[in-house]
Amino acid sequence: MKNILLVFACFLVSMQCMAVSEKGVTGKITKILSSSVSRNPYNTESEGAFYIYIDGLPSACGTTQKRVVIGSNHPLFATVTSVALMAYSTELEVVLAYLESCTVHANSWDFSYMYIQK
């Protein structure tokens, strides 16, 4: 029983250490890119990805890419892509929050939330 409690305590500590912080940026969307996550080799079963470039976004995960990505399996994918395209075409500012992790794509911040700044 003592070993089980020790393993559980270690698990809780490791989960806390693995928590990813969230950051945000306000600005205009400067570019939008849509593609599959794995383009080479070509695979129609691959997850889709929607990349949002915005003024003031820092480079992601040690790369030169200043973008946030949302995968097509995200529950808000359709909403986020619609809002981003509308904000881009009307040049409205958005508040874009991202996680300081690059799990969907190795050179892009992971999407957290977005809203239009009026």
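Definitions and cut-offs
- Counting from 1, residues in each chain are numbered in the order their sequence is written.
- In keeping with the model being predicted, local features are shown solely for residues with a pLDDT of at least 70 and side-chain atom pairs are shown and tallied solely at 80 or more, while totals for entire chains, interfaces and linings include all residues.
- To obtain the side-chain values, all non-hydrogen atoms of the structure were used and water was disregarded.
- Segments assigned H or I by DSSP are reported as helices when at least four residues long, segments assigned E as strands when at least two residues long, and all are numbered from the N terminus.
- Only protein chains enter the accessibility calculation, which uses a 1.4 Å probe. A residue is then buried if its area is under 20% of the maximum for its type, exposed if over 50%, and partly exposed in between.
- Each nonpolar core is a collection of buried residues, namely Ala, Val, Leu, Ile, Met, Phe, Trp, Tyr and Cys, held together in the definition by side-chain atoms within 4.5 Å.
- The contact definition used throughout considers only heavy atoms, calling two residues in contact when any of these lie within 4.5 Å.
- At least two bridges found by DSSP between two strands is the condition for calling them paired.
- What counts as an axis is a line fitted to C-alpha atoms, over the stretch in contact for a helix, and the angles between N-to-C directions run from 0 to 180 degrees.
- Stacked, edge-to-face and tilted labels apply to pairs of Phe, Tyr and Trp rings (six-membered ring for Trp) whose centres lie within 6.5 Å, assigned for plane angles under 30 degrees, over 60, and everything in between, in that order.
- Charge-over-ring placement is defined geometrically: NZ (Lys) or CZ (Arg) within 6 Å of the ring centre, and within 35 degrees of the ring normal.

Enquirer: Which residues make up the environment of Glu 91, and what values go with them?
Expert: By the secondary structure assignment, Glu 91 is in the loop between helix H2 (77-90) and strand E4 (93-99). Judged by its relative accessible area of 56%, Glu 91 is exposed. Separated by 63 residues in sequence, Glu 91 and Lys 28 have C-alpha atoms that sit 6.3 Å apart.

Enquirer: Break down the nonpolar core for me, citing the residues and quoting the values.
Expert: In this structure, Ile 52, Leu 57, Val 68, Leu 96, Trp 109, Phe 111 and Met 114 are the most contacted members of the largest nonpolar core, which totals 19 residues. When residues of this core are traced back to their parent elements, those giving at least two are strand E1 (22-36), strand E2 (48-54), strand E3 (67-71), H2, E4 and strand E5 (109-117). Leaving out residues up to four positions away in the same chain, Leu 96 has contacts with Lys 23, Gly 24, Val 25, Ile 52, Ile 54, Val 68, Phe 111, Tyr 113 and Met 114.

Enquirer: Describe the sheet that holds E4, and please don't skip the residues or the numbers.
Expert: The five strands lie next to each other as E1-E2-E3-E5-E4, forming a closed barrel whose pairing is mixed. Geometrically, the sheet is characterised by an average inter-axis angle of 50 degrees between neighbouring strands, direction not taken into account. Pairing between E1 and E4: seven bridges, direction antiparallel. Among the inter-strand pairings, Lys 28 is bridged to a residue of E4, identified as Glu 93. Sheet strands touched by H2: E1, E2, E3, E4 and E5. Its angle to E1, the strand with the most contacts, is close to 100 degrees.

Enquirer: How would you summarise the packing of aromatic side chains if you had to cite specific residues and measurements?
Expert: Ring pairs (aromatic) are described by centroid distance and by the angle formed between their planes. Overall, the coordinates contain three aromatic pairs when judged by the stated rule. A cation over an aromatic ring shows up here: Lys 31 above the ring of Tyr 53, its NZ or CZ 4.7 Å from the ring centre. Its guanidinium or amino end placed over the ring of Tyr 51, Arg 67 lies 4.1 Å from that ring's centre, counting from NZ or CZ.

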